[in-house]
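Observations on the three-dimensional arrangement
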Amino acid sequence: MKTMRQILFMACWVIALVVAAQQPDPVIATIDEAYQQAKDLTKKNKSLGNEMVTTLDYTIRGKGKTTEKLHFFYNTVEGTYLMADGQDPHFFYYPLFFVTRSYNIGKKKYYEEYLFSSSSQQLQFALTQDYDENGKRFERRFYFHDGQVYKVVGPEATSFAQEQVVYQADELRHAFDWIIRNPKE
């Protein structure tokens, strides 16, 4: 009995060492850190005014009225550039870094988050909440690296689902760019 305990103890100790020695994926760790920073900044930006909220009300045929709420979080970068005549005009650039989207279709509620690199404006991360064929809600996390899906956490995502996430992120980024440059329209 004593020998069995020692073997069990040693096995547990070896397993603990192996688990402790495993390093987290550096790409995922970097994106998770950026995501946490973005979540922290969204709280701060509410006081800075670097948040734009848009609410859309429309009807989906056969499903009824839908309300969609978009929160765009961005930074304001001031700079200058030299014109041909030697003048230095100032400009403002608004790099988008985080978007949340919530909406309903019928009685089902959906939620999405998109994290963009402030420097390259490339999609880094997306979180989607959806429903399976049985009506059970689930969450899926998409990690992106070098413009491609790097890893998906959650239920397996078809290539179509992955393409839809990328498409939606691009549409939201383009909508933000258009709205921020045409505020009166």
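Above this text is the structure in question.
Residues numbered from 1 in each chain as written. Predicted model: local features only at pLDDT ≥ 70, side-chain atom pairs only at ≥ 80, totals over all residues. Heavy atoms only, no water.

1. A closer look at the overall build of the protein chain
A count of helical and extended segments in the protein chain gives three helices and nine strands. Within the protein chain, the fraction of its 185 residues that count as buried is 31%. A sequence separation of at least 24 residues applies to 37% of the contacts in the protein chain between residues at least 6 apart. Total accessible area on the protein chain is roughly 12,700 Å²; 55% of this is exposed by carbon and sulfur atoms. (Helix = DSSP H or I, 4+ residues; strand = E, 2+ residues; numbered from the N terminus. Buried < 20%, exposed > 50% of the residue type's maximum accessible area, 1.4 Å probe, protein only. Contact = heavy atoms within 4.5 Å. Areas by Shrake-Rupley, 256 points an atom, 1.4 Å probe, with all protein chains shown as cover.)

2. Section: the side chain of H71
Relative to the helices and strands, H71 resides in strand 2 (residues 64-74). Among the polar contacts made by the side chain of H71, one reaches the side chain of E51 at a distance of 2.6 Å. Not counting residues up to four positions away in its chain, the partners in contact with H71 are E51, M52, V53, F98, V99 and T100. (Polar contact = N/O pair within 3.5 Å; in protein donor to acceptor, adjacent residues only side chain to side chain.)

3. Looking at the sheet that holds strand 7 (residues 123-131)
Spatial ordering of the open sheet is given by 1-2-5-6-7-8-9, a layout of seven strands whose pairing is antiparallel. One side of each edge strand has no neighbouring strand; the edge strands of this open sheet are strand 1 (51-60) and strand 9 (148-153). Across the sheet, the mean angle from the axis of one strand to that of its neighbour is 15°, orientation sign disregarded. With six bridges connecting them, strand 6 (residues 108-116) and strand 7 associate as antiparallel partners. Bridging across to strand 7, L115 finds its partner in F125. Sheet strands in contact with helix 3 (residues 159-181) are strand 1, strand 2, strand 5 (96-105), strand 6, strand 7, strand 8 (137-145) and strand 9, and its direction is about 75° off that of strand 6. (Pairing = 2+ DSSP bridges. Axes fitted to C-alpha atoms, helices over the stretch in contact; angles between N-to-C directions.)

4. Considering the layout of surface pockets
Roughly 390 Å³ of internal volume is contained in the largest pocket. Around the largest pocket, the lining comprises 21 residues; the ones closest to its centre are Y103, E112, T128, D130 and Q164. Elements with a contribution of two residues or more to the lining of the largest pocket: strand 5, strand 6, strand 7, strand 8 and helix 3. Per element, the largest residue contribution to the lining of the largest pocket is five residues, and it comes from helix 3. Reported here for the second largest pocket is a volume of approximately 170 Å³. Lining the second largest pocket we find F116, Q121, Q122, L123, F144, G147, Q148, V149, V166, D170 and R173. Among the elements that take part in the lining of the second largest pocket, helix 3 stands out by supplying three residues, more than any other. (1 Å grid on protein atoms, 1.4 Å probe; cavity = no way out; pocket = protein on both sides within 12 Å on 5 of 7 lines; lining within 4 Å. Points joined across faces, edges and corners; volume = space filled by probe spheres on them.)

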